[in-house]
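# Summary of structural features
Here are the chains, one letter per residue:
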Amino acid sequence: MIVTALGLLSGGLDSTLAAKLMLDQGIRVQGLNFNTGFCISDTRRQLKRRGRKEGTLRNEALRAGSDLNIPIEIVDVSEEYLSIVTNPRWGYGKNANPCLDCRIMMLRKAKALMPKFEAQFVFTGEVLGQRPMTQKRFTLRQIEKQTDLDGYLLRPLSALRLPETEAEKSGLVDRQRLLGIAGRSRKPQFELAKRLGIDEFPQPAGGCCFLTDPNYSRKFFDFNKYKAPDRQINLEDFTLLKVGRHLRLSDHLKLIVGRDEAENNFLERYTLGRWAFSPVDIPGPTALLEGSSSEQDRALAARIVARYSDHEGRSPIRIQCQKDQEIIAIDAVPIESDLTAQLLIN
Ligand code: SF4
């Protein structure tokens, strides 16, 4: 009898080890990887930053799948994830990360995909006690109940410290060959990786999600605070939070300033319906104004763009401002640094 397991595979060390433990028991593994729209390496790929090593720009789940010789299904949840991330039932972690809601959503999807892949159970690389929000004993149980996977969700790395699953009880999985890792130390995983011959995995573990990033989170919560209550949120809103310096000019107005050539190029893709700013004669950033603006607002934005340009001194420089077909030029004196600091969200 062929035993098939569906595994959540991020390409990080823990999920890779969990998959390897399953494979070593002769279990057929089908990997699932979820695109939430908040993956840092995906955004780096979009930005195509110069000078980055190739290794930081790949899809780690596909890389791990290829290393382990297992198929990976990429599941795009980015649209429906928006409502979770803005209104999580279980709340946020330390930053803007709704990890518990996120895990529940992914595992519900995995449960729904079990028939398609003829899988008898689902497994993850979760380690008891490793992450404060999702990997406590109580939350691991909560996830099983909320996803209707009670008894069908195996955590191979910590299984010996958790109740036996149906897969173990029925002999589909040999419990003796599972592990009892627990706690925040990563040492047991590094030792296991060495033993199993796994030498490729991204560093640091778990650092792939924008929502755990304090800088992104500041922009995220600022966006949530000031958006009009009846405004529909879309993916573009969150995409723009990933790049540039963000400066709040008023309750309804924000300026996004590119920090390098890659970000400037990226912002230029989002000029439709927005005022876009850039210096005319000297190198400097591209900036986008979010929200409806007055002439005075645009003059302030131009002064900020002048401040972040290569211009030195206090003389005015010409800034081009364009919204769709309308183009104007503003001669702007660079704004003082302490004023920009007051406006800076991040
Ligand atoms: S770190 Fe991000 S992707 Fe991972 S569970 Fe939390 S919210 Fe989801």
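All of these numbers come straight from a predicted model, not from anything done at the bench.

Below, the discussion takes up the site of the ligand. Taken together, Thr36, Asn97, Pro98, Cys99, Cys102, Arg103, Cys209, Leu211 and Thr212 are the residues near the ligand. Partitioned by chemical class, the residues of the shell around the ligand number five nonpolar, three polar and one charged.

A separate point is the environment of Arg89. Positionally, Arg89 belongs in the loop between helix H4 (78-86) and helix H5 (99-117). C-alpha separation for the pair Arg89 and Asp101, spaced 12 residues apart in sequence, amounts to 6.7 Å.

It is the contact of H5 with helix H6 (residues 137-146), at a shortest axis distance of 9 Å, that shows an interaxial angle of 40°. Classed by the angle they form, the pair H5 and H6 counts as oblique. Relative to H6, the crossing made by H5 is right-handed. Counting all contacts with H5, which are made through Leu100, Arg103, Ile104 and Leu107, the residues of H6 involved are Thr139, Ile143 and Gln146. Each residue belonging to the contact of H5 with H6 can be placed in one class, and the counts come to four nonpolar, two polar and one charged.

As assigned here, the protein chain comprises domain 1 (4-211) and domain 2 (243-343). When each unit is reduced to the centre of its C-alpha atoms, the spacing between domain 1 and domain 2 is 41 Å.

Proteins that are soluble and globular tend to have nonpolar side chains buried together. Membership of the largest hydrophobic core comes to 45 residues, with the highest contact counts inside it found for Ala5, Met22, Leu107, Phe121 and Val122. Every element with two or more residues in this core is listed here: strand S1 (4-8), helix H1 (13-23), strand S2 (28-35), helix H3 (60-68), H5, strand S4 (121-123), H6 and strand S5 (153-154). Of the residues forming this core, the biggest block, eight residues, is contributed by H5. Setting aside chain neighbours within four positions, we find Phe121 in contact with Ala5, Tyr152, Leu154, Thr165, Glu166 and Ala167.

Now for the sheet that holds strand S8 (residues 275-279). Pairing within the open sheet is antiparallel, and its six strands lie in the order S6-S7-S9-S8-S10-S11. Two strands bound the open sheet, and with one partner strand each, they are strand S6 (245-250) and strand S11 (326-332). Taken pair by pair, the neighbouring strands of this sheet meet at an average axis angle of 25°, ignoring direction. As judged from the four bridges shared by strand S7 (residues 253-257) and strand S9 (residues 287-290), these two strands associate in the antiparallel manner. Bridged to Val257 within S9 is Ala287.

Attention now goes to the packing of H1 against helix H8 (residues 187-196). The axes of two packed helices give the description: the angle between them and the distance between them. Orientation of H1 relative to H8, taken along the N-to-C sense of each, is 45°, at an axis distance of 11 Å. On the basis of the axis angle, H1 is oblique to H8. Where H1 crosses over H8, the handedness of that crossing is left-handed. Residue-level inspection shows Leu13, Asp14, Leu17 and Lys20 of H1 in contact with H8, the latter providing Gln189, Leu192, Ala193 and Leu196. Here the residues of the contact of H1 with H8 are counted per class, giving five nonpolar, one polar and two charged.

Turning our eyes to something else, we now look at the pairing of strand S10 (residues 317-323). Note: S8 against S10, four bridges, orientation antiparallel. Opposite Phe277, over in S10, you have Cys321 as the bridge partner. Across seven bridges, the pairing between S10 and S11 is antiparallel. Across the sheet, residue Lys323 finds its bridge partner in S11, namely Glu326. With antiparallel pairing between neighbouring strands as the criterion, S10 and S11 make up a hairpin whose turn holds two residues, including Asp324 at a positive phi of roughly 50°.

Criteria and thresholds
- In every chain, residue numbers begin from 1 and rise along the written sequence.
- Reporting of local features is limited, given that this is a predicted model, to residues whose pLDDT is at least 70; pairs of side-chain atoms are given and counted only at 80 or more, and all residues count toward the totals for whole chains, interfaces and linings.
- What makes a residue near a molecule or strand is its C-beta atom, placed from the backbone, lying within 6 Å of it.
- Amino acids outside the nonpolar list (Ala, Val, Leu, Ile, Met, Phe, Trp, Tyr, Cys, Pro) and the charged list (Asp, Glu, Lys, Arg) are all regarded as polar, and Gly is one of them.
- What counts as a helix is a DSSP run of H or I of at least four residues, what counts as a strand is a run of E of at least two, and both are numbered from the N terminus.
- Every axis corresponds to a line fitted to the C-alpha atoms, with the helix fit spanning only the stretch in contact, and the corresponding angles, defined between N-to-C directions, vary from 0 to 180 degrees.
- Working rule for angles: under 35 degrees goes down as roughly parallel, over 145 as roughly antiparallel, 65 to 115 as roughly perpendicular, anything else as oblique.
- Here a crossing is called left-handed whenever its near helix is offset anticlockwise from the far helix by less than a right angle, and right-handed whenever the offset is clockwise.
- Throughout, a pair of residues is in contact if the C-beta atoms placed from their backbones lie within 7 Å.
- Segmentation into domains, and thus their bounds, comes from an automatic or database assignment.
- Each nonpolar core consists of buried Ala, Val, Leu, Ile, Met, Phe, Trp, Tyr and Cys residues. Their C-beta atoms, within 7 Å, join them into a set.
- Partly exposed residues are those falling between the two cut-offs: more than 12 but fewer than 20 other C-beta atoms within 10 Å of their own, whereas 20 or more means buried and 12 or fewer means exposed, with C-beta atoms placed from the backbone.
- Any two strands with at least two DSSP bridges between them are considered paired.

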